[in-house]
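Geometric and topological summary
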Amino acid sequence: PRKIIIDTDPGQDDAAAIFLALGSPEEIDLLGITTVAGNVPLALTSKNARIVCEWAGKPGTKVFAGCDAPLSRPLVTAEHVHGKTGLDGPDLHEPTMPLQEQHGVDFIVETLRSEPAGTVTLCTLGPLTNIGKAFKIAPDIIDRVQEIVLMGGAYFEVGNITPAAEFNIYVDPEAAQIVFRSGLPIIVMPLDVTHKVLTTGPRIQALRDLGTTAGTAMAEMVDFFERFDVEKYGSAGAPLHDPCVIAYLLKPELFQGRHINVEIETTSDLTLGMTVADWWGVSDRMPNATFMGDVDADGFFALLTERIGRL
Ligand code: BDR
Ligand code: CA
């Protein structure tokens, strides 16, 4: 199985991604989960990650708390989407599995140094603070990363937190810039893709029908989570952003995109955190990322439901 670290700020859609990974042990060896401040502050994302692992019946999963604020800016959160807890919807219990003592950034650095070079993939579902910090304090690890698969950014779908920016990139654009300039292979799941995987009624009923703790929790999280998009945008359901990252590891053929240049805006007031994606190849800047644009949504939900069903 492929060794990965999930870096996350759960978040109902982050929870779906963690379920998908934990339900796929044949393909995915989850070395650890690192949490970051994003949708809600760090104390809550660190608690939520453990609640999700317990729902999945995997309390042995290692969860490490990472950075509590972006590299050089105050934190922006998204309770308006995810609720006060970050995981509104189901009843939340107090997790009993421990939070690891090691800092999440130190875990990332140590793991990349100790595992054979080119064998660990970083899967990021929140602001890129932990990865940016790790690359800054330990540049020797950059070459040792196999690949980064991240949820963030937008091109045709532009922004969801400002008119120009997607939330994960907007919250810590300096960290995102470090990642996009790292020279590593990067796979990007932008809003252009994630806005196509909508939680329609029948898809969520299939999760509810699993009748398991994880399936029921997932359906109840979506019940809350989709209110925001259905009410605000009139869409058929909520975009399940983050599990696209894990689905790509399992079935890359579900996704289509282009290898292009992507730069991060870090200075403009109007377009801070924008992923300036050269989709049409109009600049002479070198391609640095595979920017996805399309997804087989039915195939995605079939995979998600089947794997959550294994938990
Ligand atoms: C991203 O922001 C968060 O609110 C979601 O969990 C997802 O990672 C979507 O813009
Ligand atoms: Ca997230």
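One can find the structure itself at the top, above this paragraph.
The present account deals with the structure reproduced in this document. All values derive from a computational prediction rather than experimental measurement.

Some points on the overall build of the protein
Within the protein, the regular secondary structure consists of 12 helices and 10 strands. For the protein, the C-alpha radius of gyration of 18 Å lies close to 19 Å, the compact-globule estimate for 311 residues. Considering only C-alpha atoms, the protein reaches an extent of 50 × 45 × 35 Å along its principal axes. Looking at the protein as a whole, 52% of its 311 residues qualify as buried. Residue pairs in contact within the protein that sit at least 24 positions apart in sequence constitute 83% of those at least 6 positions apart.

Remarks on the nonpolar core
The biggest cluster of nonpolar side chains holds 98 residues, and the ones touching the most others in it are Ile6, Ile18, Phe19, Met218 and Val245. It is helix H1 (residues 12–22) that contributes the most residues to this core, eight residues altogether. Those residues in contact with Ile18 that lie beyond four places of it in its chain are Ile6, Thr8, Pro10, Ile33, Ala49, Val52 and Cys53.

Focus: the site of ligand 1
Neighbouring residues of ligand 1: 15 residues in total, closest Gly11, Asp13, Ala78, Phe167 and His241. Looking at the shell around ligand 1, the elements that each hand over two or more residues are H1 and helix H6 (167–171). Class assignment for the residues of the shell around ligand 1 results in five nonpolar, six polar and four charged.

Quick look at the sheet that holds strand S3 (residues 63–65)
What the eight strands build is an open sheet, ordered S3-S2-S1-S4-S5-S6-S10-S7; its pairing is mixed. Strands with a single pairing partner mark the edges of an open sheet, and in this sheet they are S3 and strand S7 (255–260). For this sheet the average axis-to-axis angle between neighbouring strands, irrespective of direction, equals 25°. Of the strand pairs in this sheet, strand S1 (residues 2–8) and strand S2 (residues 28–35) are connected by seven bridges, and their pairing is parallel.

Digging into the environment of Met218
Here Met218 lies in helix H10 (residues 213–233). Classification of Met218 by C-beta neighbours within 10 Å gives buried; the count is 30. C-alpha separation for the pair Met218 and Lys84, spaced 134 residues apart in sequence, amounts to 17 Å. When sequence neighbours within four positions are dropped, the list of residues in contact with Met218 reads Ala16, Phe19, Leu207 and Ile308.

The rules behind the values
- Residues numbered from 1 in each chain as written.
- Chains lettered and ligands numbered in written order.
- Predicted model: local features only at pLDDT ≥ 70, side-chain atom pairs only at ≥ 80, totals over all residues.
- Helix = DSSP H or I, 4+ residues; strand = E, 2+ residues; numbered from the N terminus.
- Rg over C-alpha atoms; globule rule 2.2 N^0.38 Å.
- Buried ≥ 20, exposed ≤ 12 C-beta atoms within 10 Å, placed from the backbone.
- Contact = placed C-beta atoms within 7 Å.
- Core = buried A, V, L, I, M, F, W, Y, C linked by C-beta atoms within 7 Å.
- Near = placed C-beta within 6 Å.
- Nonpolar A, V, L, I, M, F, W, Y, C, P; charged D, E, K, R; others polar.
- Pairing = 2+ DSSP bridges.
- Axes fitted to C-alpha atoms, helices over the stretch in contact; angles between N-to-C directions.

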